[in-house]
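# Residue-level structural notes
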Amino acid sequence: MQKIALIGAGRIGRIHASNVAAHPELQLAYVIDPIADAAKSVAESFGARTADLDGALGDPSVTGVIVASSTDTHLAFSLKAAEASKAIFCEKPIDLDLERAEGAACKFEVLRAKLLLAFNRRFDPNFATLKRKLDAGDVGKLETLHITSHDPSPPPAGYIPVSGGLFKDMAIHDFDMARWMLGEEPSEVFAAGACLVDPEIGRLGDIDTAKTILRTPSGKLCVISNSRRSGYGYDQRIEAFGSGGALRAGNVVESTVEAWTESGAQADQFQNFFLDRYAHAYRLEIAHFADMLVRGAAPKIGYADGVAALALATAAQASASNGAPVAL
């Protein structure tokens, strides 16, 4: 049984705690959070103990650490876990500052850290199937990619100042998916952003709507659509257009039941938000972390992937601000 220390007892930390507790090869040993009541609540729910970070990392029986704390702590806590010779599962993004993230890469290399970066959408069965079919050449050579990622409603205004902005907080998932699907690194980013959903988001210095175009050295194009509010549910789609056809991974609905009446056909609503839509992906992500700990599997998504996605987010932010493409 591999013992896990969880840093961060918020919403995503509780999801990871639940999945660790349900995995037959993992045991949640410690929960660390500056809010004592939050740490106690998660720990008591899943048979763990509360601790401070040094105490948890100092326990030699702990083999893995999940970093699910606030974004501005991801890099520091991951590095501290690596220095304690623990395997690391870190939420995205690895950091909000690209230069700092790039500068820390050598430290993780020297420590030979095993770090899994939590871009959970790669574990989604629908997107994973699309990727396999794409790689198998089912639609010929990939030419263009469309990624749609629209939230059902905007986050609370208080979240915006600490989020890092739409590109680093929300679109960074889509930048990782684009890199994965395209099979080569984008060489140019052109983004446009606007505040069309909530004026308060604009007042706080962010945008709530964006369109981004990525271009690769071979000429492939990827269009990413982001919005903090769809008006019709959590919209998560990928379309891949190749020389011999197209692949499409559509939205997941609450049920497959449809009502057909004289007024037309009506399907069930989309799964409402990421905790529902990607619940299975979160479980598969934890299962992969268990494979790393128990069977020595290599991380499917590593530190370099986190830096690459952050580079795209940083370039998109610059392009949206300057109104011009950014070369990478």
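I will try to describe carefully the structure that is included in this document. Just so it is clear, the model here is predicted, and its values are computed rather than measured.

Reading the values: the criteria
- Residues numbered from 1 in each chain as written.
- Predicted model: local features only at pLDDT ≥ 70, side-chain atom pairs only at ≥ 80, totals over all residues.
- Heavy atoms only, no water.
- Helix = DSSP H or I, 4+ residues; strand = E, 2+ residues; numbered from the N terminus.
- Buried < 20%, exposed > 50% of the residue type's maximum accessible area, 1.4 Å probe, protein only.
- Polar contact = N/O pair within 3.5 Å; in protein donor to acceptor, adjacent residues only side chain to side chain.
- Phe/Tyr/Trp six-rings, centres within 6.5 Å; stacked < 30°, edge-to-face > 60°.
- Lys NZ or Arg CZ within 6 Å of the ring centre and 35° of its normal.
- Pairing = 2+ DSSP bridges.
- Contact = heavy atoms within 4.5 Å.
- Axes fitted to C-alpha atoms, helices over the stretch in contact; angles between N-to-C directions.
- Core = buried A, V, L, I, M, F, W, Y, C linked by side-chain atoms within 4.5 Å.
- Salt bridge = Lys/Arg side-chain N within 4 Å of Asp/Glu carboxyl O.

### A word on the side chain of Q236
For Q236, the position within the fold is in strand β11 (residues 235-242). Residue Q236 is classed as buried on the basis of its relative accessible area of 2%. At 3.1 Å, the side chain of Q236 forms a polar contact with the side chain of R121. There is a polar contact of 3.1 Å between the side chain of Q236 and the side chain of S149.

### Topic: the packing of aromatic side chains
As enumerated under the stated definition, the model contains seven aromatic pairs in all. An aromatic cluster of at least three residues, connected via ring pairs, comprises F127, Y234, F273, F274 and Y278. The side chain of R277 reaches across the aromatic face of F127, ending 5.3 Å from its centre.

### Some thoughts on the sheet that holds strand β2 (residues 26-32)
The strands that make up a sheet pair up through hydrogen bonds in the backbone, lying either parallel or antiparallel. Taken together, the six strands give an open sheet; going across it, the order is β3-β2-β1-β4-β5-β6, and neighbouring strands pair in parallel fashion. The sheet terminates laterally at β3 (49-50) and β6 (115-118), the two strands that pair on one side only. Across five bridges, strand β1 (residues 2-7) lies against strand β4 (residues 62-67) in parallel orientation. The residue of β4 that forms the bridge with L6 is I66. Its contacts with the sheet place helix α1 (residues 11-22) against β1, β2, β4 and β5 (87-91), and it is angled at close to 150° to β2.

### Section: the sheet that holds β11
As summarised here, the arrangement of the seven strands in space is β12-β11-β7-β10-β9-β8-β15, forming an open sheet in which the pairing is mixed. Of all the strands in the sheet, the pair left with one neighbour each is β12 (245-249) and β15 (326-327). Relative to β12, helix α6 (residues 125-135) is tilted by about 165°, and along the sheet it contacts β7 (142-150), β11 and β12. Across the sheet, helix α13 (residues 303-322) lies against β8 (188-194), β9 (209-215) and β15, angled at about 60° from β8, the strand it touches most.

### With respect to the nonpolar core
F167 and Y303 are the most contacted members of the largest nonpolar core, which totals 96 residues. With nine residues, the top contributor of residues to this core is α13.

### Describing the pattern of salt bridges
Tallied over the full model, the rule gives 21 salt bridges. With a closest N to O distance of 3.6 Å, K92 and D169 form a salt bridge. Placement of K92 in the loop between β5 and α5 (98-110) and of D169 in helix α8 (residues 166-169) is noted, with a sequence separation of 77 residues between them. Of the charged contacts in the structure, one is a salt bridge between D138 and K133, with a shortest N-O distance of 3.8 Å. By sharing partners, the salt bridges in this structure join R122, D176, R179, E185 and D305 into a single network.

### A word on the environment of A29
Considering the arrangement of structural elements, one finds A29 in strand β2. What makes A29 buried here is its relative accessible area of 11%. A C-alpha to C-alpha distance of 46 Å links A29 and A327, two positions 298 residues apart in sequence.

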